[in-house]
Amino acid sequence: MVRDKTLDITKGIGIILVIIGHFSFLPLQVWKFIFSFHMPLFFIVSGYLFKPKGIKESLSKDFKRPMIPYFDTCLIILAFYLAYWLKSGDGSQFKYYLIASLVGNGSKNHESMFLSNLPSIGAIWFFPALLVCRNVYGALRPNKRLLWSAIIFVLATLLGRYVIFIPFSVLSGLSAILFFAIGDRLKEVRHIRAPIWVFGGLCWVVCLLFSTLSLARPRLDFYFLDVIGATFATLSVYLLSRSFSGMDCLAKPLSWLGQQSLSVLCFHLIDLDCGLSGMINLWGDQWITCVLRFLFPIGGTLCLSLYKRYINNHSLGNTF
C-alpha cells in the first residue's frame, strides 16, 4: 500500500504543534490557536484511515499500536523515577507516575465533580483515547455512525466536563469520536464548495476568540461550532501540506515526522514528565530549552528507527 505523503506531512505539522503547545511561556491566544485543532487533526486523520474490522482484530491491533508504546513510555518514566528514588530517598514522583500510568489522564485541570484530581500522565492520553474512539466507532451501525457519533460526542463531553472523569481517557476518546467520524466521511468528499469554506473559517475565528477546546479534559465550550472550526483548520493544514509535498526540503522531514509521530509523542512525553530538557539546559535559558524540547524527541525517534532497521537487517541476514 502506497502511503499518502500529504497525510504524513499533515501529521508532521500536527506533532510539531503538539510540542510547541507544551511550551510554558506561550501567550494565551497562541495556545488557543494550537489547541483549537491540533488533537482533532490526529483523530480526523485516524478516521480517514479507518478500515472496518472485527472487534477482536481491531482490539488486537490497537494493543500492539498504540497501547504497547503507551506502556513502554510509562515504564521508562517509572524507571527514571525509581532510579531517582533509590538515589535521593524521595519516592513521591515514582508513586505519582505509577498511579498516573494506570489512570491514563491527560490533564490535571478537570472541572468535573468526581475524580477531577487524579494524577496526569500527560500527552500520551491520546493512545488509550484512540483505542476507545476507534473501537466504539467500529462497533456502531455503518449507516448510523455519524448520527451516533454526534450523540456520543455531546454526552461524553458533558459527562467528562461536569460530572466525572473516567480513567484511561475513555470520555476523551468518546468526545473525539465525532472528529473520527468526520475523517471517515471525508473519504467520500471530492470537493468542498466556497460557501462551506467561508462558514468553516468563520466558525474557527469565533471559537478562537470565545471558546476553549481541549480533548484531554474533555472541554469544547461551543460543541458543534468547535467541531466545525477544528475540521476547517485541519483541512486547511491538509491543503498546506499538499502545497509542501512537491518541495523536498520541507516534504521529506515533515513526512518523516508524520510517519514517526507516535514515537515522537512518546519521547516528547518522556522529556516533559522527567524534565530532561530543563536538566540538560544548564544555563536555564527558555529558548535553549525549546530547542532541546525538539531535539530530544526527534533524536530519540531517529535512534529508535535506526535501531529497528539494524535489528530487521540483522534478522534477515540470519535467515539466509
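Conventions used here
- Residues numbered from 1 in each chain as written.
- Predicted model: local features only at pLDDT ≥ 70, side-chain atom pairs only at ≥ 80, totals over all residues.
- Heavy atoms only, no water.
- Helix = DSSP H or I, 4+ residues; strand = E, 2+ residues; numbered from the N terminus.
- Rg over C-alpha atoms; globule rule 2.2 N^0.38 Å.
- Contact = heavy atoms within 4.5 Å.
- Areas by Shrake-Rupley, 256 points an atom, 1.4 Å probe, with all protein chains shown as cover.
- Lys, Arg positive; Asp, Glu negative; His and termini not counted.
- Charge placed at Lys NZ, Arg CZ, Asp CG, Glu CD.
- Salt bridge = Lys/Arg side-chain N within 4 Å of Asp/Glu carboxyl O.
- Buried < 20%, exposed > 50% of the residue type's maximum accessible area, 1.4 Å probe, protein only.
- Patch = residues over 30% accessible without salt bridge, like charges linked within 9 Å, V, L, I, M, F, W, Y side chains within 5 Å.
- Phe/Tyr/Trp six-rings, centres within 6.5 Å; stacked < 30°, edge-to-face > 60°.
- Lys NZ or Arg CZ within 6 Å of the ring centre and 35° of its normal.
- Axes fitted to C-alpha atoms, helices over the stretch in contact; angles between N-to-C directions.
- Parallel < 35°, antiparallel > 145°, perpendicular 65-115°, else oblique.
- Left-handed = near helix turned anticlockwise from the far one by under 90°.
- Nonpolar A, V, L, I, M, F, W, Y, C, P; charged D, E, K, R; others polar.
- Core = buried A, V, L, I, M, F, W, Y, C linked by side-chain atoms within 4.5 Å.
- Disulfide = S-S within 2.5 Å.
- Polar contact = N/O pair within 3.5 Å; in protein donor to acceptor, adjacent residues only side chain to side chain.

Chemist: Sorry, what's going on with the overall build of the protein here?
Modeler: The number of helices and strands found in the protein is 16 helices and 2 strands. Rg of the C-alpha trace for the protein: 20 Å, near the compact-globule value of 20 Å for 320 residues, within the 12% margin. Dimensions of the protein, computed from C-alpha atoms along their principal axes, come out at roughly 60 × 55 × 45 Å. Restricting the contact set of the protein to residue pairs at least 6 apart, pairs at least 24 apart contribute 77%. Carbon together with sulfur atoms contributes 69% to the accessible area of the protein, which is approximately 16,400 Å² in total. The averaged location of the 15 negative side-chain charges in the protein is 6 Å from the averaged location of its 29 positive side-chain charges.

Chemist: Teacher, can you tell me more about the pattern of salt bridges here?
Modeler: Where charged atoms from two side chains of opposite charge approach closely, those side chains can pair. Across all of its chains, the model carries 7 salt bridges by this definition. Here arginine 219 makes a salt bridge to aspartate 221, at a shortest N to O gap of 2.7 Å. When sorted by exposure, arginine 219 lands in the same class as aspartate 221, which is buried. Residues arginine 293 and aspartate 271 are paired through a salt bridge, measuring 3.6 Å at the closest nitrogen-oxygen approach.

Chemist: Just to check I follow, could you spell out a nonpolar patch on the surface for this structure?
Modeler: There is a patch of nonpolar side chains on the surface, built from Met113, Phe114, Leu115, Leu158, Leu159, Tyr162 and Val163 and spanning about 630 Å² of accessible area. Checked against the element boundaries, leucine 115 lands in the loop between helix 6 (92-103) and helix 7 (126-139). The class for leucine 115 is partly exposed, based on a relative accessible area of 41%.

Chemist: For this particular structure, what's the right way to read the packing of aromatic side chains?
Modeler: The geometry of an aromatic ring pair is captured by two quantities: the separation of the ring centres and the angle between the planes. This model, assessed by the stated rule, comprises 27 aromatic pairs. Among the aromatic residues, those joined into a cluster by ring pairs are Phe33, Phe37, Trp197, Trp204 and Phe232. It is arginine 145 that lies over the ring of tyrosine 137; its NZ or CZ is 5.2 Å from the centre.

Chemist: Whenever I open this one, the packing of helix 3 (residues 38-48) against helix 7 confuses me. Can you help?
Modeler: Axis angle and axis distance: for two packed helices, these are the angle between their axes and the distance between the axes, and together they describe the pair. Orientation of helix 3 relative to helix 7, taken along the N-to-C sense of each, is 40°, at an axis distance of 12 Å. Taken as axis vectors, helix 3 and helix 7 run oblique relative to one another. Along this stretch, helix 3 crosses helix 7, giving a crossing that reads as right-handed. Contacts between helix 3 and helix 7 involve Met39, Phe42, Phe43 and Ser46 on the former and, on the latter, Phe126, Ala129, Leu130 and Cys133. Taken together, the residues of the contact of helix 3 with helix 7 break down into 7 nonpolar, 1 polar and no charged.

Chemist: I'm lost on the nonpolar core in this one. Help?
Modeler: For soluble globular proteins, the rule of thumb is that nonpolar side chains tend to be buried together. Ranked by internal contacts, the top residues of the largest apolar core, which has 83 residues, are Phe43, Phe126, Phe127, Phe179 and Leu215. Apart from the residues lying within four places of it in its own chain, the contact partners of phenylalanine 127 are Pro66, Met67, Pro69, Tyr70, Leu262, Leu265 and Cys266.

Chemist: Please clarify how the state of the cysteines should be interpreted in this entry.
Modeler: In protein chemistry, a disulfide is the covalent bond that joins the sulfur atoms of two cysteines. For the structure shown, the criterion picks out 0 disulfides. Sulfur of cysteine 290: no disulfide; nearest cysteine sulfur belongs to cysteine 274 and is 19 Å away. Note on cysteine 303: no disulfide assigned, nearest cysteine sulfur contributed by cysteine 266 at a separation of 15 Å. Classification of cysteine 303 as exposed rests on a relative accessible area of 54%.

Chemist: Is there a simple way to think about a positive patch on the surface in this case?
Modeler: There is a patch of like positive charges on the surface, built from Lys51, Lys53, Lys61, Arg65 and Lys308. Mapped onto the elements of the fold, lysine 51 is located in the loop between helix 3 and helix 4 (55-64).

Chemist: Please clarify how the side chain of arginine 219 should be interpreted in this entry.
Modeler: Structurally, the position occupied by arginine 219 is in strand 2 (residues 219-220). Arginine 219 gets classed as buried once you look at its relative accessible area, which sits at 18%. Of the polar contacts made by the side chain of arginine 219, one reaches the side chain of aspartate 221; its length is 2.7 Å. Contacts of arginine 219, omitting those with residues within four sequence positions, involve Glu111, Arg161, Thr212, Leu213 and Ser214.

Chemist: Where do I start with the environment of isoleucine 152 in this structure?
Modeler: Mapped onto the fold, isoleucine 152 is located in helix 8 (residues 145-163). C-alpha separation for the pair isoleucine 152 and tyrosine 137, spaced 15 residues apart in sequence, amounts to 9.9 Å. Those residues in contact with isoleucine 152, other than ones at most four positions away along the chain, are Val136, Leu140, Leu174 and Ile177.

Chemist: So what exactly am I meant to see when it comes to unusual backbone geometry here?
Modeler: Most of the time, phi is negative for any residue but glycine, and the peptide bond is trans. With omega at -10°, the peptide bond leading from arginine 217 into proline 218 counts as cis. As for its position among the elements, proline 218 is in the loop between strand 1 (213-214) and strand 2. Despite not being glycine, leucine 115 shows a phi value in the positive range, around 55°.

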